Amino acid sequence: MAEVILMPRLSDTMTEGVIAAWHKRVGDTVKKGDLLAEIETDKATMELESYQDGVLLYIGTPDRGKLQVNDLLAILGNSNENISELLAIHAGGAAPATEAPPMAASIPDIAPSAPINTPVLDVSAMEEVVLMPRLSDTMTEGVIASWQKNIGDAVKKGEVLADIETDKATMELESYKDGILLYQGAKAGEKILVNDLLCIIGNQGLDVSAIVAAVQNGVTAPAATEAPAATIPTAPVVAATAVSSVVAVAEPINEGRIFASPLAKKIAAEKGIDLRFVKGSGDNGRITKTDIDQYTPAVTATPASTKSVEIAVTNAPAAVVGVISFTDTPVSQMRKVIAKRLSESLFTAPHFFLTMRVDMDAAIAARAKMNEVAAVKISFNDLVLKATAIALKQHPKVNSSWLGDIIRTNHHVNIGVAVAVDEGLLVPVVRFADTKSLSQIGAEVKLFAQKAKDKKLQPADWEGSTFTISNLGMFGIDQFTAIINPPDSCILAVGGISQEPVVKNGQVVAGNIMKLTLSCDHRVVDGATGSAFLQTLKGLLEEPVRMLV
């Protein structure tokens, strides 16, 4: 009997997964334990193994496709088995969204009822179709402020079709072709998304119903392209010279108020064109973008005065000509969840920050002695982690969580250690850190760091923290503040150790100072509570022998 496989929740914060790669295709034989697919979650890319034998009859999305947790991922069963009932339950009767299965002929129940090889109307390639353009770099939709042409009106190239209200201004949209306005995608005051159907301009009698139906059925258009940037001319450097007896002077065409579209004015300003000398082809001599594009300066000769005219031009610098370039990178699942969770934390939890300076002279000396005999080299981060674990046992309120109607005070100490990877940030958890030796902590943190870089961390490695440490000291950062990692109520930001002047025994000497900043959720931790915790942590680091008691 066929069995469905739903998208599993592979981490505590996962809401959707991306299929990094399918290792089996529709029609392949699958054995229990075989690798079906690699799934990219918000934390790592993980392998999904089959838990039964059978034939892969259906896959819910192709490579790089997304599925929500508990959406239909795949169906396994016997060859030629009817899966239409399962599809109706879990996928609304949808046919496979990926590839045509090799045994599609033997599964007639899930074949689409629509005729095969039905041509798709590509509206984006039709000359008659006008899509909502992107009129600003941040525009996602436009509002029709008013239509200047109505359905049935004759439209000429360069005439204003409509006034479009964007997120930045109200702009005039000019027609780029001649024809009859046959269809309007929205009425005045209504919104249209960028790349949606704005209007149709064509010959009288054109049937627009097929075009409108294609758009309504979800035919997508390519991304809108920005209008090409006007070339910035390089200003020539002219030396002082004497002009001959004839001076070239262009005669102005427009006097007084000049009528021009906003786009034409913008391009003219960029090109340094004086609109007084441009002949407009629009209504009432209105200057359009086409007029600017086709403009060529014209001059007429006029008699010069008997005296020579000297034009002195200073050494004006040439205009800088550059190329605007950028790369758009799709946001990974990990980065999406980091953005969502940290935004929620920062804007939901009332953060406050406490900073304390710690004299690390004794810790430096103690670490050197320890590493002479330790099987695993102990880092300063290991010392901070161990001292933090001991301090948390003495200040349980800092080791608490805000859960809405209750505050949970944790009696165990599980410390999350922030680890930077290429895609973002992972926080593996050192469990029961207060019960472990420095060597055990050092070995565990090193193992987690390597697994994080290799993308081999499992959900059990990053779940269940009660407190988090973020250390940027190794990157040369002296001090910073960190955003709380929910559901923890605090996070400790650790800076680097730097030599600073300190007063000891009444004398100013060089000291090794490390700055610790505690970010606190004020709903759980008050200033006095956080300060007391930092005092205890400072004492443990300044006298490391106290960690052994």
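Right above here is the structure, for reference.
Bear in mind that the values here come from a model prediction, so they are computed numbers and not experimental data.

**Describing the overall build of the protein chain**
- When helices and strands are tallied, the protein chain shows 10 helices and 30 strands.
- Looking at the 549 residues of the protein chain, the share that counts as buried comes to 40%.
- Within the protein chain, counting contacts between residues at least 6 apart in sequence, those at least 24 apart form 64% of the total.
- Of the roughly 30100 Å² of accessible surface on the protein chain, 55% is carried by carbon and sulfur atoms.

**A word on helix H6 (residues 361-373)**
- Of all the positions in H6, only Ala363, Ala366 and Asn371 are classed as buried. Along H6, the residues classed as buried sweep out an arc of 130° about the axis, all on the same side. Seen from the open side of H6, the exposed residues pointing more than 90 degrees away from its buried face are Lys369 and Glu372.
- Where H6 is buried, its residues meet helix H7 (380-394) and helix H10 (527-542).

**Considering the sheet that holds strand E14 (residues 179-184)**
- Spatially, E9-E16-E14-E11 is the arrangement adopted by the four strands of the open sheet, whose pairing is antiparallel. Every interior strand has two partners, whereas the edge strands, strand E9 (129-131) and strand E11 (154-155), have only one.

**Concerning the packing of H7 against helix H8 (residues 438-453)**
- Relative to each other, H7 and H8 sit at 120°, their axes nearing to 9 Å. Crossing of H7 over H8 shows right-handed handedness. For the pair H7 and H8, the contacting residues are Asp382, Leu383, Leu385 and Lys386 in the first and Leu438, Ile441, Gly442, Val445 and Lys446 in the second.
- Taken together, the residues that form the contact of H7 with H8 break down as five nonpolar, one polar and three charged.

**Points about the nonpolar core**
- Leu73, Leu385, Phe467, Leu492, Phe533, Leu537 and Leu541 are the most contacted members of the largest nonpolar core, which has 72 residues in total.
- Here this core takes eight residues from H7, the largest share from any one element.
- Among residues more than four places away in sequence, those in contact with Leu492 are Val384, Thr388, Phe467, Thr468, Ile469, Ser470, Leu516, Thr517, Leu518, Leu534 and Leu537.
- Counting 17 residues, the second-largest nonpolar core is a separate cluster that includes Val130, Met139, Val155 and Ile201.

**Looking at the environment of Thr348**
- With respect to the helices and strands, the residue Thr348 is situated in helix H5 (residues 333-348).
- Residue class for Thr348 comes out exposed when judged on its relative accessible area of 52%.
- Sequence separation of Thr348 and Asp521 is 173 residues, and the distance between their C-alpha atoms is 9.5 Å.

**A closer look at the pattern of salt bridges**
- Within this structure, the stated rule accounts for 18 salt bridges.
- Note that Arg276 and Asp274 form a salt bridge whose closest N and O atoms lie 2.9 Å from each other.
- For Arg276, a relative accessible area of 36% gives the class partly exposed.
- Given a relative accessible area of 31%, Asp274 falls into the partly exposed group.
- With a shortest N-O distance of 2.9 Å, Glu542 and Lys538 are connected by a salt bridge. Of this pair, Glu542 and Lys538 both sit in helix H10, four residues apart, which is roughly one turn of that helix.
- One continuous salt-bridge network, built from bridges that share partners, spans Lys271, Lys289 and Asp293.

**Quick notes on the pairing of strand E2 (residues 16-22)**
- Of all the seven residues making up E2, five are buried; the element is thus mostly covered by neighbouring parts of the structure.
- Across four bridges, E2 lies against strand E4 (residues 35-40) in antiparallel orientation. Bridge assignment links Ile19 to a residue of E4, and that residue is Ile39.

**Structural notes on the sheet that holds strand E13 (residues 170-174)**
- Taking strand neighbours across the sheet as the criterion, the four strands line up as E13-E12-E10-E15 in an open arrangement whose pairing is antiparallel. The outermost strands of the open sheet, each flanked by one partner alone, are E13 and strand E15 (191-193). Recorded for the sheet is a direction-independent mean angle of 40° between the axes of neighbouring strands.

**Overview of the state of the cysteines**
- The final tally for this structure, using the stated rule, is zero disulfides.
- Looking at Cys520, it has no disulfide partner, and the nearest cysteine sulfur is the one in Cys490, 4.0 Å off.

**What to know about H5**
- For H5, spanning 16 residues, the distance from its first C-alpha to its last is 22 Å, which sits close to the expected 22 Å at 1.5 Å a residue.
- Buried residues in H5 make contact with E2, E4, strand E7 (66-68), strand E21 (351-359), strand E25 (419-421) and strand E26 (424-426).

**Let's talk about the packing of H7 against H10**
- Packing of H7 against H10 leaves a shortest axis separation of 9 Å and a crossing angle of 135°. Classified by the angle their axes make, H7 and H10 are oblique. In this structure, H7 crosses over H10, and the sense of that crossing is right-handed. Residue-level inspection shows Leu383, Val384, Ala387, Thr388, Ile390, Ala391, Leu392 and Gln394 of H7 in contact with H10, the latter providing Phe533, Thr536, Leu537, Leu540 and Leu541.
- Counted by class, the contact of H7 with H10 contains 10 nonpolar, three polar and no charged residues.

**Focus on the packing of aromatic side chains**
- Considering all chains together, one arrives at one aromatic pair under this definition.
- Ring geometry for Phe467 against Phe533: centres 5.8 Å apart, planes inclined by 50°, an arrangement best described as tilted. Of this pair, Phe467 sits in strand E28 (residues 467-471) while Phe533 sits in helix H10, placing them 66 residues apart in sequence.
- Classification of Phe467 by relative accessible area gives buried; the value is 0%.

**With respect to the environment of Met547**
- Of note, Met547 is situated in the segment after H10.
- Residues Met547 and Ala387, spaced 160 residues apart in sequence, show a C-alpha to C-alpha distance of 6.6 Å.
- Excluding residues within four positions of it along the chain, Met547 makes contact with Leu383, Lys386, Ala387, Ile390, Leu540 and Leu541.

Scoring rules and cut-offs
- The numbers attached to residues start from 1 for each chain and follow its sequence in the written order.
- With the structure being a predicted model, the display of local features is reserved for residues of pLDDT at least 70 and the display and counting of side-chain atom pairs for 80 or more, all residues being used for whole-chain, interface and lining totals.
- As a convention, hydrogens and water are excluded, and side-chain values are obtained from all of the structure's heavy atoms.
- Helical segments are the DSSP runs of H or I of at least four residues, strand segments are the runs of E of at least two, and each set is numbered from the N terminus.
- Relative accessibility under 20% of the residue-type maximum defines a buried residue, over 50% an exposed one, and the middle range a partly exposed one, all with a 1.4 Å probe and only protein chains included.
- For this analysis, residues touch if any pair of their heavy atoms sits within 4.5 Å.
- What sets the accessible areas is the Shrake-Rupley method with a 1.4 Å probe; for residues, cover comes only from the shown protein chains.
- Arc, as used here, means the arc of the directions from the helix axis to the C-beta atoms.
- Strand pairing is defined by DSSP finding a minimum of two bridges between the two strands.
- Here an angle of 0 to 180 degrees is reported between the N-to-C directions of two axes, which are lines fitted to C-alpha atoms, with helices fitted over the stretch in contact.
- A crossing counts as left-handed when the near helix is turned anticlockwise from the far one by less than a right angle, and as right-handed when that turn is clockwise.
- The nonpolar class holds Ala, Val, Leu, Ile, Met, Phe, Trp, Tyr, Cys and Pro. Asp, Glu, Lys and Arg form the charged class, and all remaining residues, Gly among them, are polar.
- To form a nonpolar core, buried Ala, Val, Leu, Ile, Met, Phe, Trp, Tyr and Cys residues must be joined to one another through side-chain atoms within 4.5 Å.
- What counts as a salt bridge is simple: a side-chain nitrogen of Lys or Arg found within 4 Å of a carboxyl oxygen of Asp or Glu.
- For the purposes of this analysis, a disulfide is any pair of cysteine sulfur atoms at a distance within 2.5 Å.
- A helix's residues, less one, multiplied by 1.5 Å, set its expected span.
- Any angle that falls under 35 degrees is termed roughly parallel, while one over 145 is termed roughly antiparallel, one within 65 to 115 roughly perpendicular, and all others oblique.
- In summary, the pairing rule links any two rings of Phe, Tyr or Trp, Trp by its six-membered ring, whose centres are within 6.5 Å, and it sorts them by plane angle into stacked for under 30 degrees, edge-to-face for over 60 and tilted for everything else.

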